[in-house]
Structure formats: structure tokens, C-alpha cells
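The lines below spell out each chain.
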Amino acid sequence: MLTDQTNSELGRHLLTIRGVQFIFGAQGDPLAMILRAGDDDPLDHGARAREQGLHESSVGAWVTAHRELGARILGDPRFSPRHAEEGPQSHPGVDVWDNPLLCHVVPLDDARLNLDPAAYARLAEVSAPLLSAEALAARAPRIEAVYRETLAATGERFDLYRDFAVPAALRVVADVLGLPAETRERLPELHAGLATALDAGHCPQQLGTARALLTAVSGLSAELTGLVDAGRATGLAGLSPEDAVAIGALAVVVGVEVTATAVCNAVEVLLAHPEQWQRIGQDPAAAPAAVREALRLAPPLRFESRIAREQVEFDGKTIEEGRRVVVLVDAANRDPEAFADPDAFTPGRGDGDRSLTLLGGPAAPVTDALVRVQTEAAVRALAVLRPALRTNAEVLRRMRSAVLHGVLRFPVA
């Protein structure tokens, strides 16, 4: 396992995959260009991928940027986030030149990011009293109060990601899970390591970042296991220990970083349309439609990756068992065959429910409401209490963040 590898072995593994992505990207492969996550626009690569239809990428995956086909793949139980074989989902030691298995770059099983669709459906059912849309709607006033309190603690100038979105999401998740004070104090440190989790499975991180992630994933799993065994995560009471740890891990990993990314993405889109920002400030009930449309244009997870669990035929092409399929969600959400005026920001558009945005990727059945309710609460708090909000400098995004296009700095005033 990669967690047992020396820094030299882990570094070589990461550098090899990074090299493959750069070489094939230099040859013009759209997915390779996206995976190498430079400072270019991934939507340009997605548009080129859409022109190619369902096609094989040089980096060992089938790729689509079409909305209809993407929806079929993401809704098909024959596709899973994990390979059929048991054990950790990672491929150390594989010759990536002969067999480019560039999925599952590091093992994230303890973060519960690689479960089968049936497992996520079952976890969604058992976690419904805690994380369903209905359960979180009942918590909505308290959740919004957390975002308002966090905003009140900021100054005239602050960082939207670091000073607002992340600390508020950490508080909400801790409240929902019923975590004790000492764990709440540890959460910011754990989050710092976990922030790259959704990227690191596809886009190799620098050695120090990858090692910090693996340490944080193990630390979170151990922390939750100890709390559940001692009955000290009160929000998870009544669940089996295994389910409680899995749901807690998803709430922390997805419910914080994906929420913070969604908040930043939604605000960035809305500030580019000041009339819509002012409308939410005057009518907070307009927030859900605006957030949904903003996250169509700027989804927090830019692509979805699945593995074919059996041979599947699509559009006259055969996807073999075990092959990876990538749906470029951000490009599919702008497919002109599915959306009228696809690049326009139009809250309440009639075709808006066709968006492929998943708030948590394959774990969305568990995490969607947790991310959505928080994002709407954040947007309402900001638009009502800071109607003159504006970006104060360039928004900087993390390198090697092909999935989240994660925020590094978001200065506002």
C-alpha cells in the first residue's frame, strides 16, 4: 500500500503519473490537459472533448462531455467508483506506460470516497434522519445562524474561502455530527490535510501534500472510530459503528471542502451578475434557484470518474470491463444540445434540472443536501448582510486541482 511506501517510492509513483499526464497533454489529449491542471481553462478542453464524442483518451479512460450520455453513465449501476477486486483502490507499481491506470492515484478508502453505488444508497437511507434534505431543512435556521455569526467575525476585508466558507462549514458539520470540543479543535488541522482528497485520486499531488493527505485520512478514520466506540459523536448515535464512521467521514471530507468550494464558486458567478446578487439581498428566497444555476456553470466537482463493472455498449462503442469512464460535468452542463443558451446565467431556467452537478460525486446521495443547504445559507447571509461585497483581488485556484479547481485565495471587501 502507498501508506507503507517510503517517501522515495511514493514520490516516484506520483512523478510517473504526473509525467504521463504531461506528455499526453502536450500531444493535445483533452483529458490529459485537464488532469495536469495547469492555469489554462478546463472548459476549452471540455469543449474539444465534446466535439470528439465518446472517445478513448491516451491516459487510459473513455471520455464524454455530452450531457445525455453523461447522465446515462452516472445513473447506470454498471458503473462504480471502484474496481471489482477487493482491497485498497490504488495501483502502485503498475507500469503506467503499458497499462495507464491513472485512476485511484492514492488510496482513499478510509475517506469512503470509493464505495459502490449500492453502498452509498444504503448509507443515504440510514443517514436520512441526519443528512436528508428534510432533516437539514429543520436545521436550516441554525445553519444560517452559523454562517451569519462567522461572517460577523470577519472584517471589512477578508478571504471568502479561508475566513468564511471553511470555518462555517467546519462548525456546521461538527454540530450535525455532535462532535465533542476536543475533536472540533482538531478539525481545522484535519481539514488542511483532507482538502485535496477529491483531487488526489486523479491528479498526483506534490509529495508533502500527498503524505499529509494520507496522514489526515488515517487520522480522521481513527478519530471517528474512537468517538463512535465511546458514544461521543452524538449525532451518529443509533447507527452501526461501521455506518457511523463512514457517514462521519463523508460529512467531514465532502461536507467541508466541497461546500467551501461550492460557496466560492456560487459567489464568484453571482458577483459577476450584480443584478442577481442584489435580488437575493432583497429577496433571500431567490437563493436556491440562483445557487443551482451557478453550480451548473461552475460545479464544485468538475468531472466524475467511474469504472465499468462489466462490458457496456454506448453509441456503437464498447467499454470493456474494468475500464475507466470520465464524464466532464462542467462541459456537459454547457452542452448546447441540452441547454438553451448554455453559457448564460439564467436562474430558474426550464432546463436547469438537467444539470449533472453532483454535490459529493458518487457520494452525493449522502452529501448532496449537506452541501446544498450550506451553500444556500452562505449566499443568503452574504447577499443580505454584505450587499456591496466585491472581489478585492484575483481569485487564485490551487494547482493540481483538476476535480475541484479548488480555491487557494478569494479576497473580498
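Residues numbered from 1 in each chain as written. Predicted model: local features only at pLDDT ≥ 70, side-chain atom pairs only at ≥ 80, totals over all residues. Heavy atoms only, no water.

As annotated in an unreviewed UniProt entry, the protein chain carries the name P450-derived glycosyltransferase activator and comes from Streptomyces violaceus.

**A word on the overall build of the protein chain**
Our working rule: We count a stretch as a helix when DSSP gives it H or I for four or more residues in a row; a strand needs E for two or more, and each element gets its number in order from the N terminus. Any pair of residues with heavy atoms lying within 4.5 Å of one another is described as a contacting pair. Using a 1.4 Å probe, the Shrake-Rupley method yields the accessible areas, and only the shown protein chains count as cover for residues. Counted charges follow a simple rule, with Lys and Arg positive, Asp and Glu negative, and His plus the chain ends left uncounted. Taken as the charge centre is NZ of Lys, CZ of Arg, CG of Asp or CD of Glu, depending on the residue.
Regarding its fold elements, the protein chain presents 16 helices and 11 strands. When its C-alpha atoms are laid out on the principal axes, the protein chain stretches across 55 × 55 × 35 Å. Here the contacts in the protein chain between residues at least 6 apart in sequence split such that 71% fall between residues at least 24 apart. Here the protein chain displays about 15,900 Å² of accessible surface, and carbon together with sulfur accounts for 51% of that area. For the protein chain, the separation between the mean place of its 41 positive charges and that of its 55 negative charges on side chains is 4 Å.

**Section: the pairing of strand β2 (residues 61-64)**
Heads up, the condition is: When a residue's accessible area, from a 1.4 Å probe over protein chains only, is under 20% of the maximum for its type it is buried; when over 50% it is exposed; and in between it is partly exposed. Here, a strand pair is defined by DSSP locating no fewer than two bridges between the strands.
Of the two faces of β2, the one lined by Ala61 and Val63 and the one lined by Trp62 and Thr64 are each fully buried. Sheet analysis places strand β1 (residues 55-56) next to β2, joined by two bridges and oriented antiparallel. Residue pairing across strands places Glu56 opposite Trp62, the latter belonging to β2. What sits between the antiparallel neighbours β1 and β2 is a turn of four residues, in which Gly60 has the positive phi angle 80 degrees.

**Describing the pairing of strand β5 (residues 304-308)**
Counted residue by residue, β5 has five buried out of five residues, so it is predominantly covered. Burial along β5 is two-sided: Glu304, Arg306 and Ala308 and Ser305 and Ile307, pointing in opposite directions, are all buried. In terms of strand pairing, strand β3 (residues 79-80) meets β5 through two bridges, oriented antiparallel. The residue bridging Phe79 from the neighbouring strand is Ala308, located in β5.

**Focus: the sheet that holds β2**
The five strands are arranged β1-β2-β8-β5-β3 in an open sheet whose pairing can be described as mixed. Edge strands, defined here as strands with exactly one partner in the open sheet, are β1 and β3.

**Quick notes on the side chain of Ser57**
On the secondary structure map, Ser57 appears in the loop between β1 and β2. Taking relative accessible area as the criterion, Ser57 reaches 8% and is therefore assigned buried. Not counting chain neighbours up to four residues away, the residues in contact with Ser57 comprise Asp29, Leu31 and Val63.

**Re the packing of helix α7 (residues 133-152) against helix α16 (residues 364-385)**
Heads up, the condition is: The angle between two axes is taken between their N-to-C directions and runs from 0 to 180 degrees, where each axis is a line fitted to C-alpha atoms and a helix contributes only its stretch in contact. These descriptions rest on fixed angle ranges, namely under 35 degrees for roughly parallel, over 145 for roughly antiparallel, 65 to 115 for roughly perpendicular, and the rest for oblique. Each crossing gets its hand from how the near helix is turned against the far one by less than a right angle, where anticlockwise is left-handed and clockwise is right-handed. Classification convention: Asp, Glu, Lys, Arg as charged; Ala, Val, Leu, Ile, Met, Phe, Trp, Tyr, Cys, Pro as nonpolar; all other residues, Gly among them, as polar.
Between α7 and α16, the least distance of the axes is 8 Å, while the angle of their chain directions is 40 degrees. In this view, α7 runs oblique relative to α16, as classed from their interaxial angle. Where α7 crosses over α16, the handedness of that crossing is right-handed. Residues Ala133, Leu136, Ile143, Glu144, Tyr147, Arg148 and Leu151 of α7 touch α16, and the partners they reach there are Ala369, Leu370, Val373, Gln374, Ala377, Ala378, Arg380, Ala381, Leu382, Val384 and Leu385. Residues of the contact of α7 with α16, tallied by class, amount to 14 nonpolar, one polar and three charged.

**So, the packing of aromatic side chains**
The way to describe two aromatic rings as a pair is by their centre distance and the angle between their planes. The test is simple: Ring pairs are drawn from Phe, Tyr and Trp, using the six-membered ring of Trp, whenever the two centres fall within 6.5 Å, and their geometry is named by plane angle: stacked under 30 degrees, edge-to-face over 60, tilted for the rest.
The tally for this structure, following the rule as stated, stands at two aromatic pairs. Look at Phe79 and Phe314: their rings are 6.0 Å apart centre to centre, the planes differ by 20 degrees, and that puts the pair in the stacked class. Of the two residues, Phe79 is situated in strand β3 and Phe314 in strand β6 (residues 312-314); the sequence distance between them amounts to 235 residues. Aromatic side chains Tyr147 and Phe164 sit 5.6 Å apart centroid to centroid with 70 degrees between the ring planes, which places their arrangement in the edge-to-face category.

**Things to note about the environment of His191**
Here His191 shows up in helix α9 (residues 181-194). A relative accessible area of 9% means that His191 is categorised as buried. Sequence-distant contacts of His191, that is, excluding residues within four places in its chain, are made with Tyr161, Val166, Leu170, Val256 and Glu257.

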